[in-house]
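Descriptive structure summary
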Amino acid sequence: MSRPLRITVFGTGYLGTAHAACLASLGFDVLGVDVDAARIGALEAGRLPFYEPGLETLLRKGLRSGRLGFTTSYPSAAVFGDVHFICVGTPQRPGAPGADLSQFEACFAGLAPLLRRPCLVVGKSTVPPGTAAGYAQRLPVTAPAGAGAELAWNPEFLREGRAVADTLRPDRIVAGVWSDRAEATLREVYAEPLAAGVPFLVTDPATAELVKAAANAFLATKISFINAMAEVCEVTGADQALSFLHEIDAINGRRRTRLVDLAREAAGGRLEGRRVGVLGLAFKPGSDDIRDSPALEVAARIRALGARVAAFDPAAMDRARRVHPDLDYAGSVLGAARDADVLLLLTEWPEFSTADPEVLAKTVARRTVVDARHALDAAAWRASGWDYRAPGRPARPGAASDGPLTRDSGITDRDADLSQAEVACLAAAS
């Protein structure tokens, strides 16, 4: 009987660390690989360098069991692994459309020449369709194992804040393969979720890449459609063009600008010299990720207009400080609200949704709140004497409305479901 597969995971960000820890919890020997020595040191010590519910517990269990380890050594990883998952980042290129594949290229170029025995290299990073074909041609030429080193594509569909559940019990597993051997290997890796009934969709690699791109594009378009409908609500009766298919970025970008305007209106017509309390900086609850966070961008814009911004987020404070040290950072909800002329709820963490408006009323300078995520009970806040405002809702019943704050077209399937606020806004527009 052959020994169980040994697995390496290159890249220890949200995707890679979750993938490595979850596969170790399924009984595989797993080695996480990263060029960032400080990050590897933290992971080896059982410390998660970012916030993801449930993942640090799984990380520590894997380390204690001996099934999970970490290294910066590509040669060690090449010798260790039968299956090599590449989970490095492929962010949007700065100031230009398209993905930056430099991390993926560096990982592939470092690994391929070290592969001396049969193995499967599996891309999980998000890449443009057609990327896999080029790397599949290079791999047997570059690797000493020749045709024994094969490429497959297995896109990820994780939602940050739910990464552990989405890895262990995804709603589908897509396997982009060129051979039966690659398919069989991936079926072995995912044997447990498959036994639990998770669908296993076998495609060619180009289709697997396209599935991921289509999921991202559909979500971006879906949210942009919600925002377009919100604009109709806002200017009912006006001559409004809804060319959202060509203006996805512009539509969503306007939502952020509109929220800054709404904060200015709530603060009495100007932001300069005002104290603004901000609740939430992460792009969504359950995560400390601030990449392209609408909440953080809105807070920074308000600060740039001369307001004193005191912000609080349960998980994203450290990351936000590194990007925007010009903001003031509070240690609690009450700290952010203290002496505020207007309070903004920008990320719908549960502790914000359940905050007591009577308690907060005692610490603010003015009882004015802007609920960008429709997370608060508007009637309860108004009953406590607050001037409650929210995109998509009138400041007073019967008034015109705005649309919700959402991410722009950089949205990925991390945000895999519409919020209740967005659904409500669509219903109001119909």
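Going by the structure above, here's the rest.
What counts as what
- Residues numbered from 1 in each chain as written.
- Predicted model: local features only at pLDDT ≥ 70, side-chain atom pairs only at ≥ 80, totals over all residues.
- Heavy atoms only, no water.
- Phe/Tyr/Trp six-rings, centres within 6.5 Å; stacked < 30°, edge-to-face > 60°.
- Helix = DSSP H or I, 4+ residues; strand = E, 2+ residues; numbered from the N terminus.
- Buried < 20%, exposed > 50% of the residue type's maximum accessible area, 1.4 Å probe, protein only.
- Lys NZ or Arg CZ within 6 Å of the ring centre and 35° of its normal.
- Polar contact = N/O pair within 3.5 Å; in protein donor to acceptor, adjacent residues only side chain to side chain.
- Axes fitted to C-alpha atoms, helices over the stretch in contact; angles between N-to-C directions.
- Parallel < 35°, antiparallel > 145°, perpendicular 65-115°, else oblique.
- Left-handed = near helix turned anticlockwise from the far one by under 90°.
- Contact = heavy atoms within 4.5 Å.

1. As for the packing of aromatic side chains
Going through the model one piece at a time under the given rule, you end up with 8 aromatic pairs. A centroid spacing of 4.5 Å and a plane angle of 35° characterise the contact between Y14 and F50, whose relative ring orientation is tilted. Of the two residues, Y14 is situated in helix α1 (residues 14–25) and F50 in the loop between α2 (37–44) and α3 (55–65); the sequence distance between them amounts to 36 residues. Centroid distance F312 to F352: 6.2 Å. Interplanar angle 65°. Geometry classified as edge-to-face. On the criterion of sequence distance, the pair formed by F312 in strand β10 (residues 308–312) and F352 in helix α15 (residues 350–353) is long-range, its members being 40 residues apart. Of the two residues examined, F312 and F352, each falls in the buried class. By way of ring pairs, the aromatic residues F104, F108, Y135 and W153 are connected into one cluster. Stacked on the ring of F80, the Lys or Arg R6 has its end atom at 4.7 Å from the ring centre. The ring centre of F157 lies 3.6 Å from the NZ or CZ of R172, which sits over that ring.

2. Some words on helix α12 (residues 294–304)
Every buried residue of α12 is listed here: P294, A295, L296, V298, A299, A300 and I302. You can read the cap of α12 off the contacts: a side-chain oxygen lies 3.3 Å from the backbone nitrogen of A295, and it is on S293. Following α12 by one or two positions, G306 has its phi on the positive side, about 100°.

3. Looking at the packing of α1 against α3
Packed helices, taken two at a time, are described by the angle between their axes plus the distance between the axes. Running from amino to carboxyl end, α1 crosses α3 at an angle of 50°, the nearest separation of the two axes being 9 Å. Of the possible angle classes, the one that applies to α1 and α3 is oblique. Judged by the sense of rotation from one axis to the other, the crossing of α1 with α3 is left-handed. Between α1 and α3, the residues in contact are T17, A18, A21, C22 and S25 and L55, L58 and L59, respectively.

4. Let's talk about unusual backbone geometry
Most peptide bonds take the trans form, and the phi angle of most residues other than glycine is negative. In this structure, D292 takes a positive phi of about 55° despite not being glycine. With a phi close to 55°, H374 is a non-glycine residue in the positive phi region. Note that H374 resides in the loop between β13 (368–371) and α17 (378–383). With a relative accessible area of 14%, H374 lands in the buried category.

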